[in-house]
Every structure is written in structure tokens, then in C-alpha cells.
Amino acid sequence: GESVGLHLPTLSVQEGDNSIINCAYSNSASDYFIWYKQESGKGPQFIIDIRSNMDKRQGQRVTVLLNKTVKHLSLQIAATQPGDSAVYFCAHAMSSNTGKLIFGQGTTLQVKP
Amino acid sequence: DTAVSQTPKYLVTQMGNDKSIKCEQNLGHDTMYWYKQDSKKFLKIMFSYNNKELIINETVPNRFSPKSPDKAHLNLHINSLELGDSAVYFCASSSVSGNTIYFGEGSWLTVV
């Protein structure tokens, strides 16, 4: 069945370095992808999204890349800061049911000072 | 100022009890959701309402009943609570079904 998964449960980076969090999905019909950040004790917070007609989208310090050929999604965080420490989730929604987000398991990003 | 607010934040209750979690959004959105996050942090949708109408109902036990008195509110009532219901329940909303979904801070439910 469809799924969204992340390659690594935990990613540890040095403050100031760039972080790359990866995600794979199985359903080629997916057309909307989104990244959330969840800090301890809080709800998921929207970071950035991308639709399947795009390969790349940039925000403030973050970039999402979508490779539909291999069904791969990544989130790049530039100049990682201690405040970026959190669990990061990728998710997608199907065009036939766009209100239903399918979440991956989450990657914990640890930023070392 | 909280966009999506839910109460209570923490709830500890005994098996067999009935409890409710309330949710309100002040974003003017017309679609609201309930998601469940388990102990492994896996998030899964339970319900979705659009303008007070149920549009998504995942495979959730009948003991869970959402109620939307108006489009700014979506409450979750749980009957006969079981140990396995222990989780974090997130309310969320979006302006149009499929657009960016904004989450509340979560309600930590512990059934003992």
C-alpha cells in the first residue's frame, strides 16, 4: 500500500552546517508534499510544501526537492541552528483525497553546538 | 492568538470512562481534522469535517465520535476508553480541503 517513509530516524549535525532530511514515498499518484517540524510537547508546524508540477521550492533557510522519478523528497536546512532541533515529518496527500495527509515516521534532528 | 486551540492539554483517566477533547480554530477555515499520534510518533488522520459535514472517516472504532457544532469547532468524544487509546490527539484545520493543514498543540491522553 501507499506509505511515506524517512531514511534515517535520527540525524545529528553541527551548528552552522547544512542538514538534509530525506523521505521516500511509494505512490506515484501523489501530487502534494509537505514538511512539518514538531518540537517536543508541541504540534506539527508547517515548514514548506511542494506540488508535483515542481522539482524545487525554497523558503527561508529551507529548500524542498522533489524527485518524482524515484519518488523521493528531501528537506534541506541551511546553516542549521539549535532551534532547528526537532522531529521532522514529510507527508503527502492524494489528488483524489487531498484533505488526507499520509505521514512518514519522522526524523529527529539533533543540532550540536 | 492561538490559531488552533484544543483542551484539555493533558488528560489522565481510567479505562471505561467517557471523555471529550474540544477544538476551536480562529483562522476562518472551513475544514477541520483530528489526527492521532502514537507512542512512536506516527501521525494518522482519524476524521475530517468540512463545514460541519463529515468527509473523512478512517478506520476508527465506533467509540470515537466527532462532533462539529459549527465550522470553527470540532470536538472528539471517546466512549469506554481503553488502554490502547493512550496517545496524543491533534486537532487541525485548513482553508480548503487539501491546502496547508495547521495543527493545534495536541491533547495528551493517558488511559490507566
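The structure under discussion appears in the preceding block.
Heads up: these notes are all about the structure in this document.

### Quick look at the overall build of chain A
A tally of helices and strands in chain A yields 0 helices and 11 strands. Listing every helix and strand of chain A by position from the N terminus yields β-β-β-β-β-β-β-β-β-β-β. Computed over its C-alpha atoms, the radius of gyration of chain A comes to 13 Å, within 12% of the 13 Å expected for a compact globule of 113 residues. Judged by the C-alpha coordinates and their principal axes, chain A covers about 45 × 30 × 20 Å. A separation threshold of at least 6 residues defines the contact pool for chain A, and within that pool the share at least 24 residues apart is 53%. Distance between charge centroids for chain A: 3 Å, based on 10 positive and 8 negative side chains.

### Quick word on the pairing of strand β4 (residues 30-38) of chain A
Residue and element names in this part refer to chain A. Among the 9 residues that make up β4, 9 are buried, leaving the element largely enclosed by the rest of the structure. Pairing of β4 with strand β9 (residues 86-94) involves 8 bridges; the strand directions are antiparallel. Of the residues in β9, the one forming a bridge with F33 is H92. Counting the residues that bridge the hairpin from β4 to strand β5 (residues 45-51) gives 6 residues, and of these G41 lies at a positive phi of roughly 80 degrees.

### Let's talk about the state of the cysteines
Residues and elements named next belong to chain B. For the structure on display, the rule yields 2 disulfides over all chains. Between the sulfur of C23 and that of C91 lies a disulfide, 1.8 Å long from S to S. Disulfide C23-C91: the torsion about the S-S bond is -80 degrees, which places it as left-handed. With C23 in strand β3 (residues 19-25) and C91 in strand β9 (residues 87-94), this pair connects stretches of sequence that are 68 residues apart. Given a relative accessible area of 2%, C23 falls into the buried group.

Calculation rules
- In this convention, every chain numbers its residues from 1, walking through the sequence in written order.
- Chain letters start at A and ligand numbers start at 1, both assigned in the order the entries are written.
- Whole-chain, interface and lining totals are the exception, using all residues; otherwise, since this is a predicted model, local features are given only for residues with pLDDT of at least 70 and side-chain atom pairs are given and counted only at 80 or more.
- To obtain the side-chain values, all non-hydrogen atoms of the structure were used and water was disregarded.
- The numbering of helices and of strands both runs from the N terminus, where a helix is a DSSP run of H or I of at least 4 residues and a strand a run of E of at least 2.
- The globule rule used for comparison is 2.2 Å times the number of residues to the exponent 0.38, while the radius of gyration itself is calculated over C-alpha atoms.
- Whether two residues touch is decided by their heavy atoms; if any such pair falls within 4.5 Å, the residues are in contact.
- Positive charges come from Lys and Arg, negative ones from Asp and Glu, while His and the chain ends are left out of the count.
- By convention, charge coordinates are those of NZ in Lys, CZ in Arg, CG in Asp, or CD in Glu.
- The buried label goes to any residue with under 20% of its type's maximum accessible area, the exposed label to any with over 50%, and the partly exposed label to all in between, with areas taken from a 1.4 Å probe on protein chains only.
- When DSSP finds at least two bridges between two strands, those strands are taken to pair.
- When two cysteine sulfur atoms lie within 2.5 Å, the pair is treated as a disulfide.

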